[in-house]
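So you can see what is in the structure, the chains are spelled out below.
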Amino acid sequence: MHDLIVAAVLGVVEGLTEFLPVSSTGHLLLLGHFLGFESKGKAFEILVQLGAILAILLVYFRRLLDIALRLRSDPSARRFVLGVLVAFLPAAVIGALAHGFIKGVLFNPFLVCTTLIAGGLVLLVVDELELEVKHHDATKFPLLMYLKIGFIQCLAMVPGVSRSGSTIVGAMLLGADKRAAAEFSFFLAMPTMAGAFAYDLLKNYKELTTNDVALIGVGFVTAFISALIVVRSFLDFVSKRGFAPFAWWRIIVGSAGLAGLWVFG
């Protein structure tokens, strides 16, 4: 029962943080560390993302269906789908090649705390920069810009960096406004998270026990519900408030984590 409650809590945290620039994986690793929760091969932290994936698919269902229906007749729809695939490609290749190193070496609490703080400082700086805005529509970025964002996203393979944070900052530095940058991070999350889920499931399914499946199932449900709340409100929030609140949150969590590691180990 204790593990089920912890899994539910971690699922809520996953859903609340997956699409915010605060690093869901970093939060899960830190919280799991201090709660004494550890999954085989860190599979829980990856597989529970399915709930967040389904949440964003539900919210964007009509938009995605419209794009799909226009693929045969609308060059702009085909170009956008190509752009998402181009942006996804670097993470697919590098993630597959470096999977063992990432899970075996980089998934450690001290590194997470450090990258949370560093990423928060970067967000604070970028949020205050007077950047030249050239792109207001996430579906109409230049193809080369999509590719560059894809490579920038690969920084998030280091836990604590944040997939959404890296793509949002990358898109803004390349000329997107805050809303378009955040929205493209949603679109890019779909193939990226689905790919990570499928790859990790393929790697770990033989080692998963009935108890593991139950924990992942509980985490999936709570992640789905909490992610729905975030996805429906995030774009309006960043359009009005920017990214400073998330930057300070990262710095506070990272600093508290370092203090906790120093006191409790």
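Here's what I pulled together on the structure shown here. (Residues numbered from 1 in each chain as written. Predicted model: local features only at pLDDT ≥ 70, side-chain atom pairs only at ≥ 80, totals over all residues. Heavy atoms only, no water.)

1. Digging into unusual backbone geometry
Threshold: Numbered from the N terminus, helices here are DSSP runs of H or I no shorter than four residues, and strands are runs of E no shorter than two. Note on exposure labels: buried denotes an accessible area under 20% of the residue type's maximum, exposed denotes more than 50%, and partly exposed covers the range between, all computed with a 1.4 Å probe on protein chains only.
Residues other than glycine seldom take positive phi values, yet S23 does so here, at roughly 75°. Inspection of the secondary structure puts S23 in the loop between α1 (2-17) and α2 (24-35). According to the relative accessible area criterion, S23 is buried, its value standing at 5%. In this model, S162 sits at a positive phi of 95°, which is unusual for a non-glycine residue. Of note, S162 is situated in the loop between α8 (143-153) and α9 (163-173).

2. What to know about the packing of aromatic side chains
Two measures describe an aromatic ring pair: the distance that separates the ring centres and the angle between the ring planes. Formally: Here the aromatic set is Phe, Tyr and Trp, taking the six-membered ring for Trp, and pairing holds for ring centres within 6.5 Å; pairs whose planes are under 30 degrees apart are stacked, those over 60 apart are edge-to-face, and all others are tilted.
According to the stated counting rule, one finds twelve aromatic pairs in the structure shown. Ring centres of Y60 and F186 lie 5.9 Å apart, and the angle between their planes is 80°; on these two criteria the pair is classed as edge-to-face. Here Y60 is found in the loop between α4 (49-59) and α5 (61-69), whereas its partner F186 is found in helix α10 (residues 178-204), with 126 residues between them in sequence. Of the residues examined, Y60 reaches a relative accessible area of 7% and is grouped as buried. Since its relative accessible area comes to 0%, F186 is described here as buried. Between F80 and F187, the ring centres sit 5.0 Å apart and the planes meet at 80°, which makes this aromatic pair edge-to-face.

3. Here we look at the packing of α8 against α9
Geometry of a packed helix pair, given as the angle between the helix axes and the separation of the axes. Quick note on the threshold: Only the contacting stretch of a helix is used when fitting its axis, a line to C-alpha atoms as for every element, and angles between N-to-C directions run 0 to 180 degrees. Should the near helix be turned counterclockwise from the far one by less than a right angle, the crossing is left-handed, whereas a clockwise turn marks it as right-handed. Any pair of residues with heavy atoms lying within 4.5 Å of one another is described as a contacting pair. As a working rule, the residues Ala, Val, Leu, Ile, Met, Phe, Trp, Tyr, Cys and Pro are called nonpolar, Asp, Glu, Lys and Arg charged, and the rest polar, with Gly in that last group.
Between α8 and α9, the least distance of the axes is 8 Å, while the angle of their chain directions is 145°. As α8 runs across α9, the sense of the crossing is right-handed. The segment α8 lies against α9, with M145, I149, I152 and Q153 engaging R163, S166, T167, G170 and A171. For the contact of α8 with α9, the residue count by class is four nonpolar, four polar and one charged.

4. Some details on the side chain of S166
Going by this rule: Within 3.5 Å is the distance limit for a polar contact, defined as a pair of N or O atoms, with the added protein rule that one can donate a hydrogen and the other accept it, and that residues adjacent in sequence qualify only through two side-chain atoms.
Its place among the elements puts S166 in helix α9. A polar contact of 2.9 Å, which involves the side chain of S166, links it to the backbone oxygen of R163. Ignoring sequence-local partners within four residues, the contact set of S166 consists of I152, Q153, A156 and V161.

Purely geometric numbers; function is a separate question.
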